[in-house]
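In case you want the letters, here they are:
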Amino acid sequence: MLFAAPVLAGQEPPPVMHYEAVPAPPGAITGDETDLAMASDHYDRMTVPVRLGQSRPFQFLVDTGSGRTSVSRELVSELKLSERPKAILHSATGASQVSMALLPELRMSRRSVKNISAPMLNASNIGADGILGIDSLRSQQVVFDFGQKRLLILSGNDRAELEDDAIIVRAKARQGRLVITDAIVDGERVSVILDTGSSLTVGNLALRERLARHGRLGQSEPTSLVSVTGQSLPGELATAQALEIGGARLEGLKMMFADAHTFRLLGLDRKPAILLGMNALSGFDQVAIDFADRTISLVLPKERRGG
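Residues numbered from 1 in each chain as written. Predicted model: local features only at pLDDT ≥ 70, side-chain atom pairs only at ≥ 80, totals over all residues. Heavy atoms only, no water.

### A word on the side chain of Thr 295
Next, step 1: Assignment of secondary structure puts Thr 295 in strand β23 (residues 295-299).
Next, step 2: Owing to a relative accessible area of 9%, Thr 295 belongs among the buried residues under this scheme.
Next, step 3: Beyond its immediate chain neighbours, meaning those up to four positions away, Thr 295 contacts Ile 168, Val 169, Arg 170, Leu 178, Ala 288, Ile 289 and Asp 290. (Helix = DSSP H or I, 4+ residues; strand = E, 2+ residues; numbered from the N terminus. Buried < 20%, exposed > 50% of the residue type's maximum accessible area, 1.4 Å probe, protein only. Contact = heavy atoms within 4.5 Å.)

### Description of the nonpolar core
Next, step 1: Counting residues in each nonpolar core, the largest one holds 60 residues, and the members touching the most others are Phe 144, Leu 194, Leu 276, Val 287, Ile 296 and Leu 298.
Next, step 2: When residues in this core are grouped by element, the largest group, 5 residues, is from strand β20 (residues 248-257).
Next, step 3: With 16 residues, the next largest nonpolar core counts Leu 200, Val 202, Ala 258 and Leu 268 among its residues. (Core = buried A, V, L, I, M, F, W, Y, C linked by side-chain atoms within 4.5 Å.)

### Remarks on the pattern of salt bridges
Next, step 1: Using the criterion set out here, one finds 10 salt bridges in the structure.
Next, step 2: Between Glu 236 and Arg 208 there is a salt bridge, with its nearest N and O atoms 2.5 Å apart. Pair noted here: Glu 236 is in strand β19 (residues 232-245) and Arg 208 is in helix α4 (residues 205-213), with a separation of 28 residues, a long-range link.
Next, step 3: With relative accessibility at 24%, the residue Glu 236 sits in the partly exposed group.
Next, step 4: As a salt-bridge pair, Arg 249 and Glu 244 come within 3.4 Å of each other at their nearest N and O atoms.
Next, step 5: On the basis of relative accessibility, which here comes to 41%, the residue Arg 249 falls in the partly exposed class.
Next, step 6: Classification of Glu 244 by relative accessible area gives partly exposed; the value is 33%. (Salt bridge = Lys/Arg side-chain N within 4 Å of Asp/Glu carboxyl O.)

### Here's the deal with the pairing of strand β11 (residues 141-145)
Next, step 1: Extensive coverage of β11 is indicated by the burial of 5 of its 5 residues.
Next, step 2: The alternating pattern of β11 places Gln 141, Val 143 and Asp 145 and Val 142 and Phe 144 on opposite faces, both of which are buried.
Next, step 3: Note: β11 against strand β22 (residues 286-290), 5 bridges, orientation antiparallel. Residue pairing across strands places Gln 141 opposite Asp 290, the latter belonging to β22.
Next, step 4: For β11 and strand β12 (residues 150-154), the ladder comprises 5 bridges, and the chain directions are antiparallel. (Pairing = 2+ DSSP bridges.)

### Side note on the packing of aromatic side chains
Next, step 1: Scanning the model with the defined rule gives 1 aromatic pair in all.
Next, step 2: Residues Phe 144 and Phe 146 carry aromatic rings whose centres are separated by 6.2 Å and whose planes lie at 15° to one another, so their mutual orientation is stacked.
Next, step 3: Overall, the relative accessible area of 1% leaves Phe 144 in the buried class.
Next, step 4: Assessed through its relative accessible area of 11%, Phe 146 is described here as buried. (Phe/Tyr/Trp six-rings, centres within 6.5 Å; stacked < 30°, edge-to-face > 60°.)

### As for unusual backbone geometry
Next, step 1: Backbone geometry at Gln 175 places phi at a positive 50°, although glycine is not the residue there.
Next, step 2: Note on placement: Gln 175 falls in the loop between β14 (172-174) and β15 (177-185).
Next, step 3: Positive phi outside glycine occurs at Asp 186, with the angle close to 45°.
Next, step 4: Within the fold, Asp 186 resides in the loop between β15 and β16 (188-194).

### Describing the confidence of the model for the protein
Next, step 1: Considering every residue of the protein, the mean pLDDT works out to 83; 83% of them sit at 70 or more.
Next, step 2: Of all helices and strands in the protein, the one with the weakest mean pLDDT is strand β1 (residues 6-8) (42), whereas α4 scores best (97).
Next, step 3: In the predicted structure, residues 4-32 sits below a pLDDT of 50 and forms 67 contacts with residues beyond four places in sequence or in another chain. (pLDDT = per-residue confidence, 0-100.)

### Some words on the environment of Asp 290
Next, step 1: With respect to the helices and strands, Asp 290 occurs in strand β22.
Next, step 2: Taking the C-alpha atoms as reference points, Asp 290 and Gln 141, separated by 149 residues in sequence, lie 4.1 Å from one another.
Next, step 3: Not counting residues within four places of it along the chain, the set of residues in contact with Asp 290 comprises Gln 140, Gln 141, Arg 159, Leu 178 and Thr 295.
Next, step 4: There is a polar contact of 3.1 Å between the side chain of Asp 290 and the backbone nitrogen of Ala 292.
Next, step 5: One polar contact links the side chain of Asp 290 to the main-chain amide nitrogen of Asp 293, over a distance of 3.0 Å. (Polar contact = N/O pair within 3.5 Å; in protein donor to acceptor, adjacent residues only side chain to side chain.)

Set out below in structure tokens:
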């Protein structure tokens, strides 16, 4: 659901990067469309400049695997935001009680979302000033254009114009997240949750058991991921030969197998499932996530397209 970078056994965690605001491309905003420049953080996740009211821009991580928009304690302190009663936050490592802050207005260029009750987290655990969760992105189309290094957020009747040979995949909604069921990892059918807040793709233990049983689990090594609450999630790092989604195929995909709380939260712990992280998604030229229509559009790099 929400992860920092993987750490192999015996290694020190990598440093957290700090960011500068990235200006959006000129002439890119029309109607309900918001076009933002993307900045890639140290772990290949995507951040965008966000203002809280009339504040300076802050870098927020775009996380389609998170149900809630969150904010760093440091930002709350700088802007002297009002605090709210504690609430339960679900992360990859479990459920924990966290302090909350009120975000009166969150502005993404010309778009804004008001009165968000946001969990307060340490910036060192987030790797950014805050997190844009699906509560700020619902009913919209979010387009990650990796080739142009930009992010489109479209609402209303506006939709991005995609390539003619874009692969359209239908999804089901679970607690606001979109789940793809038409996917296969090394011969095993899996459910897929797109998790742009995770640097690494994570498979559940049910998938690991199936692959091991059929002799398809390759060599692995111990690793761990750090959740946004600062807790560590242990697991095994291995390489999947192929992931197939719709008509798209990704080969040699690094994947961590772990008992992540997210799978239990979404009722996906008993059957094979994966959280598809940025190491997989960045293999496409473009990924469009339409929360309203429950579709995901994938555009392969030109050299890998058929025809």
